[in-house]
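Residues per chain are reported as follows:
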Amino acid sequence: MGGDELRFVKDAFESNYIAPLGPQVDAFEREFSEHVGIKHCLALSSGTAAMHLALRHLGVGPGDEVIASTLTFIGSVSPIIFQGATPVFIDADRSTWNMDTNLLAAELKICAAKGKLPRAVIPTDLYGQCANYDEIEEICDRYKIPIIIDAAESLGATYNNRSAGDTGRASIFSFNGNKIITTSGGGMLASNDKNLIDHARKLSQQAREPLPHYEHIEIGYNYRMSNILAAIGRGQLKVLMERTARKREIFDFYKSSLGDVPGIEFMPEAAYGKSSRWLTVILITPEKFGADKETVRVALEVENIESRPVWKPMHLQPVFYVENNHLTLKAKTNTRNTYHARVVGGGVSEDLFNRGLCLPSGTAMTEEDLNRVVNVITSFQR
Ligand SMILES: *Cc1c(COP(=O)(O)O)cnc(C)c1O
């Protein structure tokens, strides 16, 4: 926590708004909106809920396809399944680790020729780095396909001089405990489209019609953020810039300590923006380093240091049975608990998963903590 959170929480208690609405929620939405430069914001119970409401508003349903990054966290993708639609996963670009825009363009061309365009494109801003917004926008505009940015990991980053998430039809953010700022759990849907946010707001509170009695002409959800958690969010927002600067310092520390070690590479930063470096991620090439990423992870674990593999690509997740590039179905058959998906490419994200390791990147880490991590990794060289 940054320091001001408790003051706002105290305000919430004193106003007696212990509810999923109230002055702290209104203020958090307004302050967040000013911070990211996106006109309308809706505070919610999670980032996943925000993505779900965006897809619901767009009318995504059974029989539809929705394009997403394969190298992402499942929260980006599960709302496609909630809506009964089929995900189409696009591989990562090696120079940014984000959605490969050449593969996206090629896939949309094939879809257009078949007369079946996806209903939305969801690029993930991976590990604090924005996807290539301008290219994605240019490609999607050709077919008038809405873009929903998954900016859950990139709050604090920039694309050119815009804030992360400031593009497309809408974007989602997360305040889960592991994110750059947190409300313990929570999310935000942001858009310059007032209708989208108004409708999502209604859906987030059980789709109650504006009448004195309880009237429903559509089905909604209970997705609103509590006034108490919004108070925490207001305090957190004040330290976002500081946190981002610290995240970048942590990356620089690791880079200067490990950058020359044979077989270690760092996640590249794209020229179009400034990553928040939410997590510092390295690639370990066993032939050059002398050990694989799993061996390094276990060695860190022995020292009570937590590290994690890069996200396992969605097309490798057992919950999906995946059709490859419009071609063959894998030998697996559909069961009640697996879902049909397609993948375009996949080799790059598989390689990043096989070699990638997320290093401890908490902003409270001291130089001594960081050195402990570095020493375990360099011990393999001795
Ligand atoms: C954290 C995260 C989400 C989901 O956010 P929740 O608030 O945990 O629901 C979605 N996408 C990505 C890429 C994330 O990292």
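Note that the coordinates shown come from a computational prediction; the quantities given were computed from them, not determined experimentally.

Caption draft 1: Representation of the pattern of salt bridges in the model. Evaluation of the coordinates by the stated rule reveals 23 salt bridges. In this structure, Glu269 engages Arg248 in a salt bridge whose closest nitrogen and oxygen atoms are separated by 2.7 Å. Taken together, the residues Glu269 in the loop between strand E10 (264-266) and strand E11 (273-274) and Arg248 in helix H9 (residues 240-258) connect sequence positions 21 residues apart. Among the salt bridges present, the one from Glu265 reaches Arg355, with a minimum N-O distance of 3.4 Å.

Caption draft 2: Summary view of the packing of helix H1 (residues 5-15) against helix H8 (residues 227-237). Packing of H1 against H8 brings their axes to within 7 Å, and their N-to-C directions diverge by 150°. By the angle class used here, H1 and H8 are roughly antiparallel. Here H1 runs over H8; the crossing is right-handed. Residues Glu5, Phe8, Val9, Ala12, Phe13 and Ser15 of H1 form the contact with H8, whose own contacting residues are Asn227, Ile228, Ala231, Ile232, Arg234, Gly235 and Gln236. Residue composition of the contact of H1 with H8, grouped by class: seven nonpolar, four polar and two charged.

Caption draft 3: Quick look at H1. Those residues of H1 not exposed but buried are Glu5, Phe8, Val9 and Ala12. Along H1, the residues classed as buried sweep out an arc of 100° about the axis, all on the same side. Among the exposed residues of H1, those pointing more than 90 degrees away from its buried face are Leu6, Lys10 and Glu14. Looking at the buried side of H1, the elements it contacts are helix H2 (23-36) and H8. Where H1 terminates, the next one or two residues include Asn16, which has phi positive at roughly 65°.

Caption draft 4: Quick peek at H9. Over its 19 residues, H9 runs 27 Å from end to end, which matches the ideal 27 Å to within 8%, given 1.5 Å per residue. Taken together, the buried positions of H9 are occupied by Leu240, Arg243, Thr244, Lys247, Ile250, Phe251, Phe253, Tyr254 and Leu258.

Caption draft 5: How the structure looks around the nonpolar core. Counting residues in each nonpolar core, the largest one holds 56 residues, and the members touching the most others are Phe28, Phe32, Trp97, Leu104, Tyr127 and Leu155. If you look at the next biggest cluster of nonpolar residues, it comprises 36 residues, including Val60, Val77, Ala85 and Met314.

Caption draft 6: Structural view of the packing of aromatic side chains. For the coordinates displayed, the defined rule picks out 13 aromatic pairs. With centroids separated by 5.7 Å and ring planes inclined at 80°, the aromatic side chains of Phe32 and Phe175 adopt a geometry described as edge-to-face. Taken together, the residues Phe32 in helix H2 and Phe175 in the loop between strand E8 (170-174) and strand E9 (187-191) connect sequence positions 143 residues apart. Comparing Phe32 with Phe175 shows no difference in burial state: the two are buried. For the pair Tyr221 and Tyr223, a centre-to-centre distance of 4.9 Å together with 10° between the ring planes defines the contact as stacked. The burial state of Tyr221 is the same as that of Tyr223; both residues are buried.

Caption draft 7: Focus on the site of the ligand. As a structural note, the neighbourhood of the ligand is formed by 15 residues, with Thr48, Asp150, Glu153, Ser174 and Lys179 the closest of them. Interatomic distance of 2.6 Å between a side-chain N/O atom of Asp150 and a nitrogen atom of the ligand. A distance of 2.7 Å separates an oxygen atom of the ligand from a polar atom in the side chain of Ser174. When the ligand is considered free in solution it has 380 Å² of accessible area, and contact with the protein chains removes 94% of it. With respect to the detected pockets, the ligand is housed in the second largest pocket. Its residues placed into classes, the shell around the ligand shows two nonpolar, ten polar and three charged.

Caption draft 8: A look at the sheet that holds E11. Spatially, three strands are ordered E7-E6-E11 in an open sheet, and the strand pairing comes out antiparallel. Two strands in the sheet have a free side with no partner beyond their single neighbour: strand E7 (162-163) and E11. Here strand E6 (residues 158-159) pairs with E7 via two bridges, running antiparallel. Considered in E7, the bridge of Thr158 is made with Ser163.

Caption draft 9: Examining the sheet that holds strand E12 (residues 280-284) more closely. Spatial strand order, E10-E12-E16-E13: four strands in an open sheet with antiparallel pairing. Edge strands, defined here as strands with exactly one partner in the open sheet, are E10 and strand E13 (308-309). In terms of strand pairing, E12 meets strand E16 (residues 356-359) through four bridges, oriented antiparallel. Bridging across to E16, Leu283 finds its partner in Gly356. Here H9 sits on the sheet in contact with E10, E12 and E16, set at roughly 155° to E10.

Reading the values: the criteria
Residues numbered from 1 in each chain as written. Predicted model: local features only at pLDDT ≥ 70, side-chain atom pairs only at ≥ 80, totals over all residues. Heavy atoms only, no water. Salt bridge = Lys/Arg side-chain N within 4 Å of Asp/Glu carboxyl O. Helix = DSSP H or I, 4+ residues; strand = E, 2+ residues; numbered from the N terminus. Axes fitted to C-alpha atoms, helices over the stretch in contact; angles between N-to-C directions. Parallel < 35°, antiparallel > 145°, perpendicular 65-115°, else oblique. Left-handed = near helix turned anticlockwise from the far one by under 90°. Contact = heavy atoms within 4.5 Å. Nonpolar A, V, L, I, M, F, W, Y, C, P; charged D, E, K, R; others polar. Buried < 20%, exposed > 50% of the residue type's maximum accessible area, 1.4 Å probe, protein only. Arc of directions from axis to C-beta. Expected span 1.5 Å × (residues − 1). Core = buried A, V, L, I, M, F, W, Y, C linked by side-chain atoms within 4.5 Å. Phe/Tyr/Trp six-rings, centres within 6.5 Å; stacked < 30°, edge-to-face > 60°. Near = heavy atom within 4 Å. Polar contact = N/O pair within 3.5 Å; in protein donor to acceptor, adjacent residues only side chain to side chain. Areas by Shrake-Rupley, 256 points an atom, 1.4 Å probe, with all protein chains shown as cover. 1 Å grid on protein atoms, 1.4 Å probe; cavity = no way out; pocket = protein on both sides within 12 Å on 5 of 7 lines; lining within 4 Å. Sits in = over half its atoms within 2 Å of the grid points. Pairing = 2+ DSSP bridges.

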